[in-house]
Amino acid sequence: MRKFAPATLAVILGLSLAAPSRAGVLSVMLTTPQGRPAPNAVVTVRPQGLVAHGPIRFPWPYRMAQKDMQFLPYVLIVPVGAEVAFPNQDPFKHHVYSFSASKPFELKLYSRDETRTVRFDRTGVISLGCNIHDDMTAFIRVVDTPFAIKSGARGEAEIRDIPAGPATLTIWHPFQKGRGGETTRQISIPASGALNLAIALDLRAAPLRRGGY
């Protein structure tokens, strides 16, 4: 079995689940049809019949920074109800906004070392922009499952401790062709060991991210 870097693992903290004692691993390698890696895809798993109790928490910061005239990270996963910080780390002002149906909002001009926060209380995809710098774009994927991870630079994604049995796998990418930028399939998580999948995503060309000053 291929081993992946620890940074690709979604460690679920403080979550109480009505889960069976058996659990397995999902390992996915995502590429383009030409075989190139597909980073920044959001992989989520929803086990059949599983109900989560209590808040979902992921180990990464719920933060979308503005630095070198880019949003960092380019894709951020947060759970429903999360409050996301938007720190400005550039030596000039930014004006952050989204017209996305799940959470339209506007953070009017604010300066370096200032931070604004937004709470995301509905699932969906939030497309971000800056009203001053048109090249600045990013995405927040708001999820209601603890089994979620973003693919790394090599297209790898791994989720551990998924309850064994049938589940729905969803893969979303900002440039994936098709309805909503996502595809779904039914999978079966093994009681032990790993389910290894290699999936080619049909992606359109990404726009140029210039950044810099």
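Coordinates for the structure precede this section.
Conventions and cut-offs
- Residues numbered from 1 in each chain as written.
- Predicted model: local features only at pLDDT ≥ 70, side-chain atom pairs only at ≥ 80, totals over all residues.
- Heavy atoms only, no water.
- Pairing = 2+ DSSP bridges.
- Helix = DSSP H or I, 4+ residues; strand = E, 2+ residues; numbered from the N terminus.
- Axes fitted to C-alpha atoms, helices over the stretch in contact; angles between N-to-C directions.
- Salt bridge = Lys/Arg side-chain N within 4 Å of Asp/Glu carboxyl O.
- Buried < 20%, exposed > 50% of the residue type's maximum accessible area, 1.4 Å probe, protein only.
- Polar contact = N/O pair within 3.5 Å; in protein donor to acceptor, adjacent residues only side chain to side chain.
- Contact = heavy atoms within 4.5 Å.

Chemist: Kindly report on the sheet that holds strand β13 (residues 137-143), identifying the contributing residues and their values.
Modeler: Reading across the sheet, the five strands line up as β7-β13-β12-β9-β10 and stay open at both edges, with mixed pairing between neighbours. What marks the edges here is a single partner per strand, and that holds for β7 (75-79) and β10 (105-110). Each strand axis lies, on average, 20 degrees off the axis of its neighbour in the sheet, ignoring direction. For strand β12 (residues 124-130) and β13, the ladder comprises six bridges, and the chain directions are antiparallel. Bridge pairing in β13 places isoleucine 126 opposite isoleucine 140.

Chemist: Describe in detail the pattern of salt bridges, supporting the description with residues and values.
Modeler: Within this structure, the stated rule accounts for seven salt bridges. The shortest N-O distance in the salt bridge between aspartate 144 and arginine 46 comes to 2.4 Å. Residue aspartate 144 is located in the loop between β13 and β14 (148-150), and its partner arginine 46 is located in strand β3 (residues 42-47); the two are separated by 98 residues in the primary sequence. Here arginine 46 falls in the partly exposed class, since its relative accessible area comes to 43%. Between glutamate 156 and arginine 154 there is a salt bridge, with its nearest N and O atoms 3.9 Å apart. Given the relative accessible area of 5%, glutamate 156 is considered buried.

Chemist: Describe the side chain of glutamate 158, with residues and values.
Modeler: Along the chain, the position of glutamate 158 falls in strand β15 (residues 156-163). Separated by 2.9 Å, the side chains of glutamate 158 and serine 27 make a polar contact. Separated by 3.2 Å, the side chains of glutamate 158 and arginine 160 make a polar contact.

Chemist: Tell me about the sheet that holds β3, and please be specific about residues and values.
Modeler: What the four strands build is an open sheet, ordered β14-β3-β16-β17; its pairing is antiparallel. Among the strands making up the open sheet, the edge pair consists of β14 and β17 (182-189). Across the sheet, the mean angle separating the axes of adjacent strands is 20 degrees when strand polarity is ignored. Taken together, the three bridges between β3 and β14 define a ladder with antiparallel strand orientation. Counterpart to threonine 44 in the pairing with β14 is alanine 148.

Chemist: Summarise the environment of leucine 169; cite the residues concerned and give the values.
Modeler: Its place among the elements puts leucine 169 in strand β16 (residues 165-172). With relative accessibility at 1%, the residue leucine 169 sits in the buried group. Residues leucine 169 and arginine 185, spaced 16 residues apart in sequence, show a C-alpha to C-alpha distance of 5.3 Å. Setting aside its immediate chain neighbours within four residues, leucine 169 contacts Leu26, Val43, Thr44, Val45, Thr183, Thr184, Arg185, Ile187, Leu197 and Ile199.

It is worth stressing that arrangement in space is one thing and function is another; only the former is reported here.
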